[in-house]
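# Architecture at a glance
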Amino acid sequence: NRSILTAYNAADRVSGLVSASVQITPNLVGFARAIGSRSEDVFEAHPVPDNFVLPDGRRFSGRFLQGGPRITERSNDFLNLEVGAEGTWGTLDYKFELSRGKAEVSNQDRNYFERTSFDLATKGDPTRGILPTIDVTVLTNNQATVDALKVSPRRTGEATLDLFDAQLAGEALRLPGGPIRYAVGMNLWKEELIDRPDPLQIAGSIVGSIAQTAVARDRDAQALYAELQLPILKNLEGQLAVRYDKYDAASRSSPKFALKWDVA
């Protein structure tokens, strides 16, 4: 197995972050951030498996070793841009931001075979008097003949997230342990997902692989949330929160109640 299987894939990764802020007014700060990364991976797996037919008609399951290891070269690019501002207005703290993140992935496969031509080369077609041109039980087939049958399917995809976030926080009445703090906020976002398999992958006609389905979908979502921090006593704090999420086809409210006790 050592010669045809990679236990640990090769990988190259690079990433970076740029962040900046500006004091617009004494109580208002603007900020911007950019995060980017790129990764490249190479995977190797055993040669393509299949069900073969021997010259005497017997069938067996095995791998076509002369086809070489199945290789996948994958690249992944990610970029997230974010701008926003935060500050105070009287006794209130506020923050809002807008961001867009996008990831793009590419899978380039090698040493795979197209089903129809591979079957014709390895099994022939007795109904048309066509004999096999490749013997799958040996490693001495003409390499040019083998390589001519290979296909290199390419699958690409991308995911995008656009997000707006706003939050307002402040203090209200006082309890024995201190002032009540509250926060309210909202999230608005849109998700997009695109998956583009190779036409041969969609048709399910690649030996050693499975059929893939193309995808192109998006959805919008909204969320509202509120939180209360209740200093009941100096060493006892209550927490109340609720979040409401709404998607295209479903919605859900998620409440929370908690107590924090400082025993020291």
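No experiment lies behind these values; they were computed from the predicted model shown. (Residues numbered from 1 in each chain as written. Predicted model: local features only at pLDDT ≥ 70, side-chain atom pairs only at ≥ 80, totals over all residues. Heavy atoms only, no water.)

What follows is about the overall build of the protein. Along the protein, the regular secondary structure elements total 3 helices and 14 strands. For the protein, the C-alpha radius of gyration of 30 Å lies well beyond 18 Å, the compact-globule estimate for 264 residues. Taken along the three principal axes of its C-alpha coordinates, the protein extends 90 × 40 × 40 Å. Buried residues in the protein amount to 29% of all 264 residues. Taking the contacts inside the protein whose residues are at least 6 apart along the sequence as the reference set, 65% of them involve residues at least 24 apart. As displayed, the protein has an accessible area near 16,800 Å², and 57% of this comes from carbon and sulfur atoms. One finds the centroid of the 31 positive side-chain charges in the protein at a distance of 3 Å from the centroid of its 34 negative side-chain charges. (Helix = DSSP H or I, 4+ residues; strand = E, 2+ residues; numbered from the N terminus. Rg over C-alpha atoms; globule rule 2.2 N^0.38 Å. Buried < 20%, exposed > 50% of the residue type's maximum accessible area, 1.4 Å probe, protein only. Contact = heavy atoms within 4.5 Å. Areas by Shrake-Rupley, 256 points an atom, 1.4 Å probe, with all protein chains shown as cover. Lys, Arg positive; Asp, Glu negative; His and termini not counted. Charge placed at Lys NZ, Arg CZ, Asp CG, Glu CD.)

It is worth spelling out a negative patch on the surface at this point. A cluster of acidic residues, Glu192, Asp218, Asp220 and Asp248, forms a negative patch at the surface. Topologically, glutamate 192 is positioned in strand β10 (residues 178-196). The exposure class assigned to glutamate 192 is partly exposed, which follows from its relative accessible area of 31%. (Patch = residues over 30% accessible without salt bridge, like charges linked within 9 Å, V, L, I, M, F, W, Y side chains within 5 Å. Salt bridge = Lys/Arg side-chain N within 4 Å of Asp/Glu carboxyl O.)

Strand order in the open sheet made by the 3 strands is β8-β7-β11, with antiparallel pairing throughout. Sheet topology places β8 (150-151) and β11 (206-207) at the edges, where each strand pairs with a single neighbour. Pairing between strand β7 (residues 112-114) and β8: 2 bridges, direction antiparallel. By the bridge assignment, phenylalanine 113 is partnered in β8 with lysine 150. Lying on the sheet, helix α1 (residues 115-123) is in contact with β7 and β11; it crosses β7 at an angle near 90°. (Pairing = 2+ DSSP bridges. Axes fitted to C-alpha atoms, helices over the stretch in contact; angles between N-to-C directions.)

Mapped onto the secondary structure, alanine 45 falls in strand β2 (residues 28-45). Under the relative-accessibility criterion, alanine 45 is labelled partly exposed at 27%. For the pair alanine 45 and arginine 70, spaced 25 residues apart in sequence, the C-alpha to C-alpha distance is 5.1 Å.

Our next topic: the packing of aromatic side chains. Between two aromatic rings, the relevant description is the distance of the centres plus the angle of the planes. Using the criterion set out here, one finds 6 aromatic pairs in the structure. Aromatic pair phenylalanine 113 and phenylalanine 118: ring centres 4.9 Å apart, planes at 40°, arrangement tilted. Exposure remark for phenylalanine 113: the relative accessible area of 0% places this residue in the buried category. With a relative accessible area of 0%, phenylalanine 118 lands in the buried category. Each residue in the set Phe52, Phe60, Phe64, Phe113 and Phe118 is aromatic and connected to the rest through ring pairs, giving one cluster. (Phe/Tyr/Trp six-rings, centres within 6.5 Å; stacked < 30°, edge-to-face > 60°.)

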